[in-house]
Every structure is written in structure tokens, then in C-alpha cells.
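The chain contents come next:
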Amino acid sequence: MSEQCKTCPSNGGCNIDPADCGVEVEKSLLGALNQIRNVIVVMSGKGGVGKSSVTALIASNLAKEGFAVGILDADITGPSQPKAFGIHKPQITASEYGMTPPLTKLGIKIISVNFFLPNEDDPVIWRGPLLAGAVNQFWGEVDWRDLDYLVVDLPPGTGDVPLTVIQSLPVKGIVIVSSPQDLAFMVVKKTINMAKKLNVPILGLIENMSHAICPHCGEKLEIFGTSQGAKVASDSGLDFLGSLPWDTRLNAMVDEGKVEEYSSKEMNAIIDQILKKLP
């Protein structure tokens, strides 16, 4: 029996060949109301550079500008967005249009695999096809409705999930995140080359944890090495979006689930550049 026959009201009492039948297949309503203008992907070839924090800050600052924003937490095996926004075990509801994503205090819509785990520290032990399938479900089976920006937090590397997102979603631009170490930039360049080979626009590069400011004397401390984000961006033919400091206030707010309350002039300048590229 064809899929078309299964949804037909005459199922079981019809002898017409499905190819000759004039009854249309019932179309799924999942995601039917979604209108997402810009999909921004945050990537890094290297783990531990603060990519998830940068994702949360981009989304928060866009929301503060009055835009309708969503976050798709595509880091399936290491989801951290719920923790950063203080969302724990929300009641996920659904309709014929898909799953309804929980809202943050600023109204940011978030979907993450952590919402579906019995305990937030339970591991997700899946192979590549399952990980990619989950990302596709978060894109197509969530009732996002109208969004100006959907920010996608990718896992590090150039594996199944990043490839699925870049090839399956209508990505408008990629934000590359790194830190000052030579090792980090060496690995991040792999991500840059991946994006170029797949012909996806790169909005620019952010150097995270570029420096720290001593809370006692105000001295600028390059604790992770000399800043070289601007040079690496230039050598790679990318725009340098800016540097973000290592800030103990941000660390505390993320741990407390209050990332939306953080603000900095550096992040404001980065958002201004993103908005010029994707208004």
C-alpha cells in the first residue's frame, strides 16, 4: 500500500491504481508557518573557544535590538544553551505545526536536546546519522513561526552535524570563533576552508578570550597569547568582527543562567557589523 493510500478516506474499498488517483496526499503541517529571514551559524573547528557563549551573546544582543530571535542548539552531544539561559526541564508542548520552543526572559525561542533528556547531565551517545537527523528535526519540526534571526550553535569540527546544517538549512552567513592560540587558529582554518568549499558566506571572525583586564589595577593581560585575530582574518580574506575579553562577569552569568543580562561595548560593536551584513 502506498503512503498516498494510507491517508485516503476510501482506503480499503478502492481498486484504483495510486498513479491514476486524483486524491492529493495530505501534506504535513509541521513547520508550515515558519518564516525565518536569516539563519546565522556559529562555528569553530576547535572546542573550548567559547563558541556557545558567543552564540548566546549574539542572540541576546539581537533580541535587545528588538528582533525576533531563535537559537537552534545543534551541539547535540554537548548542549549548553539551556544552562546559559537558565531553562531547566521545560514543558514542551506541540501542535499540528510542530514543537513549541521554550522562551527565554527576552523572548528568544530555544530548542535543545537537553529539553528531552530525563537528566540534563545524561550523555547523548549517538552516531552521526542520528545526530544529523536530530538537527533536521529541530529545523523542520519546531514551530518557530516568524523569526528575524535563527542562530545555530554548532559542535566543533567539520563532521556530520556541521555538514548537515550547512547543506540542509538556508544559511545566510557563518560566524567563525577562535581564541588567540596558534593551535586554535590552525584548527579553525579548517572550518574556514570548509565553508569556502561549500560556498557559504562567512560574516567574519571573532577572537574570543582575546585578553583579560585585571580587576585590581586595570592592566590588560593576554593570558592566552598575543592577539592575532585581525591578522588571521586578513590572511584568510575575512572581515574581523572584533575581539571579546575573558570576563569573569560573563562566566558567572552563564553559570547562573543569566547570559541575557550581560552587556559589553565589544559585543555591541560586533552586532553592529552583523546587522550591516544581514539587516
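**Student:** What exactly am I supposed to notice about a nonpolar patch on the surface here?
**Tutor:** A contiguous nonpolar surface patch, about 240 Å² in accessible area, is contributed by L221, I223 and W246. With respect to the element layout, W246 can be found in the loop between strand 11 (240-243) and helix 8 (248-255).

**Student:** What's the story with the side chain of D153 in this structure? I'm lost.
**Tutor:** Within the secondary structure, D153 is located in strand 6 (residues 146-153). Under the relative-accessibility criterion, D153 is labelled buried at 0%. Side-chain polar atoms of D153 contact the side chain of Q81, separated by 2.9 Å. Here D153 is in contact with V42, K51, S52, T55, L72, D73, A74, D75, S80 and Q81, once residues within four sequence places are set aside.

**Student:** Would you explain the packing of helix 2 (residues 51-64) against helix 9 (residues 265-277) in this entry?
**Tutor:** A packed helix pair is summarised by two numbers, namely the angle formed by the two axes and the spacing between the axes. The geometry of helix 2 relative to helix 9 is characterised by a closest axis approach of 10 Å and an angle of 75 degrees between their N-to-C directions. When the interaxial angle is binned, helix 2 and helix 9 end up roughly perpendicular. The residues of helix 9 that touch helix 2, namely those facing L57, I58, N61 and L62, are M267, N268, I271, I274 and L275. Residue composition of the contact of helix 2 with helix 9, by class: seven nonpolar, two polar and no charged.

**Student:** What exactly am I supposed to notice about the pairing of strand 8 (residues 202-207) here?
**Tutor:** For strand 8, the buried fraction is high: six of the six residues fall into the buried class. Each parallel crossover has a hand, and the one from strand 7 (residues 171-178) via helix 6 (residues 182-197) to strand 8 is right-handed. Of the strand pairs in this sheet, strand 8 and strand 11 are connected by three bridges, and their pairing is parallel. Looking across to strand 11, one finds that E207 is bridged to S243.

**Student:** What am I meant to see in the nonpolar core here?
**Tutor:** Among the nonpolar cores identified, the biggest contains 77 residues, and I58, V152 and V165 are the most heavily contacted of them. Counting residues per element, this core draws most heavily on helix 2, at seven residues. The residues touching V152, leaving out its near neighbours within four places in the chain, are V39, I40, V41, V42, L72, A74, V165 and L169.

**Student:** I'm lost on the packing of aromatic side chains in this one. Help?
**Tutor:** Two numbers describe a pair of aromatic rings. These are the distance of the centres and the angle of the planes. Within this structure, the stated rule accounts for two aromatic pairs. On the numbers, 5.2 Å between centres and 90 degrees between planes, the contact of F67 with Y149 is edge-to-face. Residue F67 is located in the loop between helix 2 and strand 2 (69-73), and its partner Y149 is located in strand 6; the two are separated by 82 residues in the primary sequence. For Y149, a relative accessible area of 0% translates into the label buried. Aromatic pair F116 and F138: ring centres 6.3 Å apart, planes at 25 degrees, arrangement stacked. Of this pair, F116 sits in the loop between strand 5 (109-111) and helix 4 (128-140) while F138 sits in helix 4; the two residues are 22 residues apart in sequence, bridging distant segments of the chain. When its relative accessible area of 6% is taken as the criterion, F138 is described as buried. The aromatic ring of Y97 is capped on one face by R145, whose charged end is 5.5 Å from the ring centroid.

**Student:** Hey, could you run me through the side chain of E260 in this one?
**Tutor:** Residue position: E260 is located in the loop between helix 8 and helix 9. No salt bridge forms around the buried E260; measuring N to O, its nearest opposite-charge neighbour K105 is 6.3 Å away. At 2.5 Å, the side chain of E260 forms a polar contact with the side chain of T104. Engagement of the side chain of E260 in a polar contact is seen with the backbone nitrogen of L106, the distance being 3.0 Å. Apart from residues no more than four positions distant in its own chain, E260 is found in contact with S60, K64, F85, T104, K105, L106 and I108.

**Student:** Can you help me understand the environment of K220 in this one?
**Tutor:** Checked against the element boundaries, K220 lands in strand 10 (residues 220-221). Judged by its relative accessible area of 52%, K220 is exposed. When near neighbours in sequence (up to four residues on either side) are disregarded, K220 contacts H211, A212 and I213.

**Student:** Is there a simple way to explain helix 6 in this structure?
**Tutor:** Since the α-helix turns once every 3.6 residues, residues separated by three or four places project in the same direction. Taking 1.5 Å per residue as the helical rise, helix 6 with its 16 residues ought to reach 22 Å, and the 23 Å between its terminal C-alpha atoms agrees with that figure. Buried within helix 6 we find A184, F185, V187, V188, T191, I192, M194 and A195. Among the structural elements, strand 1 (35-43), helix 5 (160-168), strand 7, strand 8 and helix 7 (229-235) are those in contact with the buried residues of helix 6. Residue N199 follows helix 6 closely and has a positive phi angle near 60 degrees.

Calculation rules
- Residues numbered from 1 in each chain as written.
- Predicted model: local features only at pLDDT ≥ 70, side-chain atom pairs only at ≥ 80, totals over all residues.
- Heavy atoms only, no water.
- Patch = residues over 30% accessible without salt bridge, like charges linked within 9 Å, V, L, I, M, F, W, Y side chains within 5 Å.
- Areas by Shrake-Rupley, 256 points an atom, 1.4 Å probe, with all protein chains shown as cover.
- Salt bridge = Lys/Arg side-chain N within 4 Å of Asp/Glu carboxyl O.
- Helix = DSSP H or I, 4+ residues; strand = E, 2+ residues; numbered from the N terminus.
- Buried < 20%, exposed > 50% of the residue type's maximum accessible area, 1.4 Å probe, protein only.
- Polar contact = N/O pair within 3.5 Å; in protein donor to acceptor, adjacent residues only side chain to side chain.
- Contact = heavy atoms within 4.5 Å.
- Axes fitted to C-alpha atoms, helices over the stretch in contact; angles between N-to-C directions.
- Parallel < 35°, antiparallel > 145°, perpendicular 65-115°, else oblique.
- Nonpolar A, V, L, I, M, F, W, Y, C, P; charged D, E, K, R; others polar.
- Right-handed = clockwise from strand over helix to strand, strands pointing away.
- Pairing = 2+ DSSP bridges.
- Core = buried A, V, L, I, M, F, W, Y, C linked by side-chain atoms within 4.5 Å.
- Phe/Tyr/Trp six-rings, centres within 6.5 Å; stacked < 30°, edge-to-face > 60°.
- Lys NZ or Arg CZ within 6 Å of the ring centre and 35° of its normal.
- Lys, Arg positive; Asp, Glu negative; His and termini not counted.
- Expected span 1.5 Å × (residues − 1).

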